[in-house]
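# Structure at a glance
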Amino acid sequence: MARPYDRMKYYLSPDDFIKIIDPEGNSNFFKVLKDEPLGQIKVPFANAANPIAPGGVSDVPRVPFDFLEPARQNRLFQIRVNIFAIDRATAVLVDIATIAPLFELEWGLPVGTVRGGSDITGNITMNGIVSNGIGGINGGRIPFNQIYTRDDLNEVFDLWLLFGTYPDFAVRNQSTFPLGGDGGPLAYDWYISIQGRKYILGDVNKEELEKILNRTQKYRGITIGGIKAITTKA
Amino acid sequence: MAQPYDRMDAYLFPGEFVRFTSMFGKSQWIHIEADEPLGQIKVPFTNAIVSMARRASRGGVNNPVPPSTFLDADPIPMTMLEPQREDRIYQVRPVVFAYDRTTGLLVNRNIIPPLLDLEWEYPVGSRRGGTDQVADITINGIPNLQRGGNHGRIPVNMIYTRDDPSEVWDLFIFFKSYPAFRVLNGTRGLVGGGAGLELSFDWYLTFQGRKYIFRRATSEEEQKLDNGEIPYRSIPSPGGVPPTLLRRE
């Protein structure tokens, strides 16, 4: 039986047209000339000696992943971030889809600009439980159990990187157990892994641009980083 | 085994045209200019100490089914979900999950009965879901009072959080509006509270989705859209279908 999903659906292919939109709202059309998979790049972030305590964060500020910066102007990287854990007692992959979404990735793009969340925070009391400062520009995070490693990685949180930009990451543990360490149910070796694809871009010619603007040529819109935070500009 | 679904299918993309229709029947073409995932925003509603009452037992075979208990007298306004500019939309996917504080694991949705429900208002103060009318139904001798009407609720086991939260109840939220939610417990279990009880986990209401910047379609684009020369998607009406009490079609 054929597999029921398309692993390549949200990657670009040579000859695709794209519109790149930067965080300031400037945009331009490009044509994809070449592509290549990134493979997988692994970064360990918790192990027996370096756990993340309950309620803790791995790093303040977030850690810049500067190796992800394309080194030329005509290049674009599509990055799919995922998390995996290895049970060091058995050496097998842990099924983190079953782990509560209280282990989270906080991300910034461009480096230093936190992403996700809403425009404003709210102070919410539900069932008498007071939660102040919910949401806001640093209030959205990616739960581990939605970006676990298998052969059809989650594309919802894809990052797009151009020359001069790279992301930063930190891990937050909102649970009651340490992440990593020597004991407890989550005492595994934890990794952030980066997969995706790299592309070389070319300019579109006049005829192609005309077709794009007339909507007779399809294109895909790609936002670098995200939308502007409300606090920076009225 | 990998999953047979497309996680991005119900989200919008920059460059797309979208038609939205307000609850009062007014519609507008818009063009998506930029997008960004919301990540996940969490609101806890029970924990090790604070629980949510279980539904009372029936008093006898001829007694009505007792009503669900609820957390809060009215749905709680989620003010942080209001976009702060006119040219922004949030596509919000409400999701409920339970954390087993004894194992660190996500509670398996297969054990959560669809009697634990989410009730929602959008815009705040305007109850959503349900039908136009209520009726008293007796089936197999069990009387059910006032079924229908605003009794449409979202069972939390249908909006489960893994990497494919259900898009069926997506809300599209515009400037100057935000939704409100409360949880109802129609189960005989105590939700939250001390360890060892049936549904005694730490429960969270969360919001995922995507935020967009848009612009209005130009008159030239509107003409092409009207003529069917440009494809577009319609998004669920912000606020939904008006109740029949307010307006006759």
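Residues numbered from 1 in each chain as written. Chains lettered and ligands numbered in written order. Predicted model: local features only at pLDDT ≥ 70, side-chain atom pairs only at ≥ 80, totals over all residues.

### Brief notes about the overall build of chain B
Our working definition: Only DSSP runs of H or I reaching four residues or more are called helices, and only runs of E reaching two or more are called strands; each is numbered from the N terminus. Residue burial here comes from a neighbour count, namely the number of other C-beta atoms, placed from the backbone, that lie within 10 Å of the residue's own C-beta, with 20 or more meaning buried, 12 or fewer meaning exposed, and in between meaning partly exposed.
From N to C terminus, chain B includes 1 helix and 17 strands. By its C-alpha atoms, chain B is 65 × 45 × 35 Å across when sized along the principal axes. Scored against the burial criterion, the 249 residues of chain B give a buried share of 39%.

### Some details on the overall build of chain A
What counts, and what does not: C-beta atoms are placed from the backbone for every residue, and two residues are taken to be in contact when these atoms lie within 7 Å.
Secondary structure assignment for chain A yields 1 helix and 14 strands. The principal-axis extent of the C-alpha atoms belonging to chain A is close to 65 × 50 × 35 Å. Across the 234 residues in chain A, those meeting the buried criterion constitute 42%. Long-range pairs, those at least 24 residues apart, make up 74% of the contacts in chain A between residues at least 6 apart in sequence.

### A short note on the nonpolar core
As a reminder of what qualifies: A set of buried residues qualifies as a nonpolar core if it consists of Ala, Val, Leu, Ile, Met, Phe, Trp, Tyr and Cys joined through C-beta atoms within 7 Å.
One finds Ile83(A) and Val96(B) to be the most contacted residues of the largest nonpolar core, which totals 110 residues. The greatest single-element share of this core, amounting to 8 residues, is contributed by strand β7 (residues 88-100) of chain B. With near-sequence residues (within four places) excluded, Ile83(A) lies in contact with Ile96(A), Leu105(A), Phe144(A), Ile147(A), Tyr148(A), Trp190(A), Tyr191(A) and Ile192(A).

### Quick word on the environment of Ser68(B)
Residue and element names in this part refer to chain B. Locating Ser68 in the fold gives a position in the loop between β4 (51-52) and β5 (69-70). A residue is classified by how many C-beta atoms lie within 10 Å of it, and Ser68, with 20 of them, is buried. The spatial distance from the C-alpha of Ser68 to the C-alpha of Trp120 is 15 Å, given a sequence separation of 52 residues. With sequence-adjacent residues up to four places away left out, Ser68 is seen in contact with Arg55, Asp117, Leu184, Asn185 and Gly186.

### Quick word on the sheet that holds strand β10 (residues 142-143) of chain A
All names here are of chain A. To be explicit about the condition: Strand pairing follows a simple DSSP-based rule, namely that at least 2 bridges must link the two strands.
If you walk across this open sheet you meet the 4 strands as β4-β12-β7-β10, and the pairing is antiparallel. Each end of this open sheet is capped by a strand with a single partner; those strands are β4 (63-64) and β10. In terms of strand pairing, strand β7 (residues 103-108) meets strand β12 (residues 168-173) through 6 bridges, oriented antiparallel. Paired with Gly108 across the strands is Asp168, a residue of β12.

### Observations regarding the interface of chain B and chain A
Stated formally: Nonpolar residues are Ala, Val, Leu, Ile, Met, Phe, Trp, Tyr, Cys and Pro. Charged residues are Asp, Glu, Lys and Arg, and all others, Gly as well, are polar.
Taken together, the contacts link 50 residues of chain B with 58 residues of chain A. Elements represented by at least two residues in the side of chain B that touches chain A include exactly β2 (27-37), β3 (41-44), β7, β8 (105-106) and β16 (202-216) of chain B. Counted by class, the side of chain B that touches chain A contains 27 nonpolar, 11 polar and 12 charged residues.

### Quick word on the pairing of strand β5 (residues 75-87) of chain A
Side chains on a regular strand alternate between the two faces of the sheet. Residue and element names in this part refer to chain A. For β5, a buried count of 10 out of 13 residues is recorded, marking the element as mostly surrounded by other parts of the structure. The pairing of β5 with strand β13 (residues 189-203) spans 12 bridges and is antiparallel. Bridge assignment links Ile83 to a residue of β13, and that residue is Ile192. Where β5 and strand β11 (residues 159-162) come together, 4 bridges link them in antiparallel fashion. Paired with Ile79 across the strands is Leu159, a residue of β11. Of the pairings in the sheet, the one linking β5 to strand β6 (residues 92-93) comprises 2 bridges and is antiparallel in character. Within the sheet, the bridge partner assigned to Asp87 lies in β6 and is Val92. Taking the residues between adjacent antiparallel strands as the criterion, β5 and β6 are bridged by 4 residues, where Ala91 takes a positive phi near 70 degrees.

### Here's the deal with the environment of Gly112(A)
Mapped onto the elements of the fold, Gly112(A) is located in the loop between β7 and β8 (121-126). For the pair Gly112(A) and Val63(A), spaced 49 residues apart in sequence, the C-alpha to C-alpha distance is 9.4 Å.

### Thoughts on helix α1 (residues 206-213) of chain A
The element α1(A) is barely covered by neighbouring structure, given that only 0 of its 8 residues are classed as buried. Once α1(A) finishes, Arg215(A) follows within two positions and takes phi at roughly 70 degrees, a positive value.

### Comments concerning the confidence of the model for chain B
To keep it simple, the criterion reads: By definition, pLDDT measures how confident the predictor is in each residue, and it falls between 0 and 100.
Here chain B averages 85 in pLDDT, and 91% of its residues register 70 or above. Scoring of the predicted complex yields 0.91 for pTM and 0.89 for ipTM.

### Notes on the pairing of β8(A)
All names here are of chain A. Here β8 shows a buried face lined by Gly122, Ile124 and Met126 and an unburied face lined by Thr121, Asn123 and Thr125. Where β8 meets strand β9 (residues 129-135), 5 bridges bridge the pair, whose relative direction is antiparallel. Along β9, the bridge assignment pairs Thr121 with Gly135. Between β8 and β9, which follow one another and run antiparallel, lie 2 residues, and Asn127 among them has a positive phi close to 55 degrees.

### Let's talk about the environment of Met80(B)
Secondary-structure assignment places Met80(B) in the loop between β6 (76-77) and β7. Separated by 100 residues in the primary sequence, Met80(B) and Ala180(B) have C-alpha atoms spaced 11 Å apart. Residues in contact with Met80(B), not counting those within four places in the same chain, are Ser118(A), Ile120(A), Thr121(A), Gly122(A), Ile134(A), Gly135(A), Gly136(A) and Ile41(B).

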